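Chain and residue survey
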Amino acid sequence: MTAALPRSADPVRGWQGRIRLQFRERDGRTIVAEREQRGPLLIQRTFHPEGDPCHVYLLHPPGGMVGGDRLEADLDVGESAHALVTTPGATMFYRSLGPVSHQVQKFAVADGGVLEWLPRENIVFDGAEGTITTRVDLDPDAAFIGWETACFGRPASGERFTRGTFRQEFQVCRDGRPLLLEKLALRGDRDLAVSTCGLRGHPVNATLVATPATRETLEAARDRIGDAADIAMTLVDGLLVARYLGPRSDIAQNLFREIWAAVRPLVAGRAPCPPRIWKT
């Protein structure tokens, strides 16, 4: 079911986009069994380059968000289903005169299911007001690999994130028990400054998580990236967490793709099969 919502006449409200996808296993293949999309957030088709897993590209045609925009993605992966979701390009959070733009993501994965959430980076322009909230709810025997990358300002253009606010929240729960509760709130240069409680002057902050993970998973990830700088990894309660803090989002994305390729066989039981859109 597809419906379009016009841009609101109220500038505070902005675009209101929502997509809801149900992935289900049917005869040894994962399909999108139910789809609801409203406004500027959609998928066009599904891909099956490796058989069962369903690859989906989540599209946001405007490419960016202004104050008052709200985008919601609700992904539901059923028992024994396997979904890989990525995006074709970065999401821009543009400068706002006050209204906040919101990106809300809710993921649920049933026993035996696998969800891979592998989006491109979020680029936060100077003066932006935005939030990203991601919640992942896993059944006891579900698997998840996902990441979030945020670039504050546009380093290649010499632009810093000197004003505005940005908040991120990343939650991962298994069987109702929190595995990761992470919050980040930035207020321009105040929190990007060179300090141990800020980002130490670095414009890019990124987090990758994978579960269920073991010591073997952690060692595979470390072996894959070697002595790469600006990244660290931990393993707690079956959750692998990799964090990048550095100068460029493309470095973060490339490192995360290497980690994904190393841990996917152990977490999801599949050899790496990069989405074709990553090559464009």
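Owing to the predicted nature of the structure, the values given are computational and were not obtained by experimental measurement.

Reading guide: rules and limits
- Residues numbered from 1 in each chain as written.
- Predicted model: local features only at pLDDT ≥ 70, side-chain atom pairs only at ≥ 80, totals over all residues.
- Heavy atoms only, no water.
- Phe/Tyr/Trp six-rings, centres within 6.5 Å; stacked < 30°, edge-to-face > 60°.
- Helix = DSSP H or I, 4+ residues; strand = E, 2+ residues; numbered from the N terminus.
- Buried < 20%, exposed > 50% of the residue type's maximum accessible area, 1.4 Å probe, protein only.
- Pairing = 2+ DSSP bridges.
- Arc of directions from axis to C-beta.
- Contact = heavy atoms within 4.5 Å.

Section: the packing of aromatic side chains
Scanning the model with the defined rule gives 9 aromatic pairs in all. Aromatic side chains W147 and F256 sit 5.9 Å apart centroid to centroid with 35° between the ring planes, which places their arrangement in the tilted category. Placement of the pair is W147 in strand β14 (residues 143-152) and F256 in helix α3 (residues 249-267), with a sequence separation of 109 residues. For W147, a relative accessible area of 0% translates into the label buried.

Overview of the pairing of strand β5 (residues 54-57)
What you see with β5 is no split at all: C54 and V56 on one side and H55 and Y57 on the other are buried throughout. Where strand β4 (residues 46-47) meets β5, 2 bridges bridge the pair, whose relative direction is antiparallel. Its bridge partner being in β5, T46 is matched across the sheet by V56. In terms of strand pairing, β5 meets strand β8 (residues 82-86) through 4 bridges, oriented parallel. By the bridge assignment, Y57 is partnered in β8 with T86.

Observations concerning helix α2 (residues 215-225)
By the burial criterion, the buried members of α2 are T217, L218, A221 and I225. Along the axis of α2, the buried residues cluster in a sector spanning 100°; they form a single face. When the buried face of α2 is taken as reference, the exposed residues oriented beyond 90 degrees from it are R215, E216 and D223. Buried-residue contacts for α2 involve β18 (231-236), β19 (239-246) and α3.

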